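Structural overview
Now for the letters of each chain:
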Amino acid sequence: MKQSLCAITSNVEISPGIHLMWLEAPDIAAIAQPGQFITVRCEGLALRRPFSIHQVVIASEAKQSQVAILFKVVGKGTLWLSQHQRGDKVDILGLLGNGFSVGPSSRNLLLVAGGIGIAPLVFLARSASPQHAITLIYGASTAKELYPFSSLPLTLNPSPSKGEGKGEGEKRSNLLSLPDSVRFIPVTEDGSIGKKGMVTDILPDFLGWAEQVYACGPIDMYKTMANMSLRAKRSNLKVRMCQVSLEVRMGCGIGACYGCTINTRKGLKKVCHDGPVFELDDILWEEVSI
Amino acid sequence: MIQGISLQRLPCYNKIIAVRTNSLNLRVQLAPRHPKGLMLDNPVMTASGTFGYGTEYSGLIDIQKLGAIVCKGTTLMPRRGNPQPRLVEIVGGLLNSVGLENIGVDAVIRDKAPIWASWRVPVIVNIAGETIAEYASAVAKLEGIPGVSGIELNISCPNISVGGIEFGVNPKLAAEVTSAVKAVTSLPVMVKLSPNVTDIKEIALAVESAGADAISLINTVKGIAIDISKRKPCLGNITGGLSGPAIKPIALYMVYEVAKVVHIPLIGCGGISCAADALEFIMCGASAVQVGSANLTNPRASLDILEGIKHFMSDKGIHNLADLIGVAQV
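Residues numbered from 1 in each chain as written. Chains lettered and ligands numbered in written order. Predicted model: local features only at pLDDT ≥ 70, side-chain atom pairs only at ≥ 80, totals over all residues. Heavy atoms only, no water.

Digging into the confidence of the model for chain A
Residues and elements named next belong to chain A. Put simply, the rule is: For every residue, the predictor states its confidence as a pLDDT score lying anywhere from 0 to 100. The helix and strand labels rest on DSSP assignments: H or I over at least four residues marks a helix, E over at least two residues marks a strand, and numbering proceeds from the N terminus. Between two residues, a contact is recorded if the distance between any of their heavy atoms is within 4.5 Å.
Per-residue confidence for chain A gives a mean pLDDT of 86; residues scoring 70 or more make up 87%. The secondary structure element of chain A with the lowest average pLDDT is helix 4 (residues 165–174), at 47, and the one with the highest is strand 3 (residues 37–40), at 98. Below pLDDT 50 for its whole length, residues 152–173 participates in 17 contacts with residues either more than four positions away or in separate chains.

Structure follows, in structure tokens:
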């Protein structure tokens, strides 16, 4: 764990209000695991903002290794960060928290992303070994809000308007492709691409197949999954070994201030230090109001 | 690096300069009327609740350079704290309602004190309770425990045996808890005052008379924030304690006022986020300072503040920190 000033190497708005930012952070890149996070100090704000690691690139010149974060502009902190460009330096604290874990005998991994919750799951999908079969169910309100993976058909991307050709080129070079082995299933609330509805509508279809489930998304998505899990205990279709990444307002990020404590079936847990990844079944969802 | 010269990026000044620091005397005695005393190498402490047990930060900054660490508020029995959300950011600071979640004094003695005993930096245990007996029992357990250098009493808790009146808002209750604790410990005791009172001088005089070795001030200021989309309070506990730069002028005023009437050392606390802030408190009459919320924003804040104080002293030709204490009193 280290606090350092890291240079931004690129900041691209890959879809409206969603930024993909690469940072030169060799110490973090070297050890980051999917689900772990960093915090960023934002000028004039008391609380550092947490961001899960979205992707890592290990450079041949170790000092140039980078990590990417993916964020949606939702408030003062993300707005401040979104306005910074290549060459600017930001105060980063990392590496923080505990990430996702994949059991040694698990083969079929189901990844469930809601909205910006795609961020850590891309890292997980790309970190999996060839022996894993991965299905990624990814939901957003509309096609334009889906992460525009470079390997997906262009129709997935918002078409570039005139004069923006260069920007679009930069966008595409920054985008990630999913490994060929990943089965990608988009879901949109308006049906503009993929299945119409919520990710949790189609989730039951995959529960028989999945050996482990990894989810990142809004609390309501988790609550629906938790209910599904409860109901499934009475049938054979269970959300098995499901890990979720929680986001609550954090103070220190290192387990010192007790600002992010939640109650779980295993007692009080600090989201920043004991999480942010927890077992779905361990969280007392009826108590969660975050 | 040349011996005695440190290069640093100074808080509040954005330039890199060399500071000659080896001739400076920043030592401060926090308990002059206590037989053992409580001598700190420098006046920069961390405030309770923002720095855990010190262990959390030990891999991140050189905590041994701090003047002292005040640990997380500790109660006789473990406490679960308040429901989420516990933190709300406001302009210039932070509202919190952690609710004294802590592992309890027995776990502190078992798991934390042995680590502290190997440290050079003194650790002061912050104690909270809901009855005088609870305070006294918790403090008594710390007697003779290696690694514990002092006690700080958090008297902002409601006294459940007298109908929930906070100890810290009533001079009589504040004095009672102070003398009860003094009776069961040979450690120096500082009392941390609440700002949520009509006349803080009255409380300060009461705890001084009851035997307090020092006074730290201020604790957080009561506050509330509303989530307008949900039409209800932001915090799970409805109300919380305000900290951060927004409360600095209040804290400074209280230090300024209390310094006029008491004769024991004051430790200034409230919104200190750079060396200039700390110096303001010292010039108002504080012998030492505690850095709180700023640790969350910048884990290096306390050490940056210490370096900034050294720079100021060196720059102005001041060799003894004591020469700055209370100089702004008029």
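As for the pairing of strand 13 (residues 242–245) of chain A
Residues and elements named next belong to chain A. This is how it is decided: Burial classes: relative accessible area under 20% of the type maximum marks a residue as buried, over 50% as exposed, and values in between as partly exposed (1.4 Å probe, protein chains only). Strand pairing follows a simple DSSP-based rule, namely that at least 2 bridges must link the two strands.
With burial as the criterion, each face of strand 13 is covered, one bearing Cys 242 and Val 244 and the other bearing Gln 243 and Ser 245. Strand direction decides the pairing type here: strand 12 (residues 212–216) and strand 13, joined by three bridges, are parallel. Within strand 13, the position partnered with Val 213 by the bridge is Cys 242. Where strand 13 and strand 16 (residues 277–279) come together, three bridges link them in antiparallel fashion. Note that in strand 16 the partner of Ser 245 across the bridge is Val 277.

Some points on helix 5 (residues 248–259) of chain B
Residue and element names in this part refer to chain B. Applied cut-off: How far a helix is expected to stretch is found by multiplying one less than its residue total by 1.5 Å.
With twelve residues, helix 5 should cover 16 Å at 1.5 Å per step; its first-to-last C-alpha distance of 16 Å lies within 8% of that length. Residues of helix 5 that are buried include every one of Lys 248, Ala 251, Leu 252, Met 254, Val 255, Tyr 256, Glu 257 and Val 258, and no others. Here the buried face of helix 5 lies against helix 4 (200–209), strand 14 (214–217), strand 19 (266–269) and helix 6 (275–284).

Some details on the state of the cysteines
Disulfide: a covalent bond connecting the sulfur atoms of a pair of cysteines. Residues and elements named next belong to chain A. How we decide: Only a pair of cysteine sulfur atoms within 2.5 Å qualifies as a disulfide here.
With the rule as written, the count across this model stands at zero disulfides over all chains. Cys 252 takes part in no disulfide bond, and the closest cysteine sulfur, belonging to Cys 257, lies 3.9 Å away. Looking at the unpaired Cys 260, the closest cysteine sulfur is the one in Cys 272, lying at 3.8 Å. Relative accessible area serves as the criterion here: at 3%, Cys 260 is assigned to the buried category.

Some remarks on the pattern of salt bridges
Selection rule: What makes a salt bridge here is a side-chain nitrogen of Lys or Arg within 4 Å of a carboxyl oxygen of Asp or Glu, nothing more.
Scanning all chains against the criterion turns up 19 salt bridges over all chains. Arg120(B) serves as the salt-bridge partner of Asp41(B), at 3.0 Å between the closest nitrogen and oxygen. Of this pair, Asp41(B) sits in the loop between strand 4 (39–40) and strand 5 (44–46) while Arg120(B) sits in the loop between helix 1 (105–116) and strand 9 (123–127), and the two are 79 residues apart along the sequence. Because the salt bridges share partners, they merge into one network encompassing Arg41(A), Arg48(A) and Asp91(A).

Structural notes on helix 3 (residues 118–127) of chain A
With respect to burial, helix 3 of chain A is a largely interior element, eight of its ten residues being buried. Turning to helix 3 of chain A, its buried residues are Ile118(A), Ala119(A), Pro120(A), Leu121(A), Val122(A), Phe123(A), Leu124(A) and Ala125(A).

Observations concerning the pairing of strand 20 (residues 288–291) of chain B
All names here are of chain B. Operational definition: When the strands point away from the viewer, a crossover counts as right-handed if the path from the first strand over the helix to the second runs clockwise.
Residues of strand 20 alternate between two faces, with Ala 288 and Gln 290 on one and Val 289 and Val 291 on the opposite face, all of them buried. Inspection of the sheet shows strand 5 paired to strand 20 by three bridges, in the parallel sense. When the sheet's bridge partners are listed, Thr 46 is paired in strand 20 with Val 291. Alignment of strand 19 against strand 20, held across three bridges, turns out to be parallel. Directly across from Cys 269, in strand 20, lies its bridge partner Gln 290. Handedness of the strand 19-helix 6-strand 20 crossover: right-handed.

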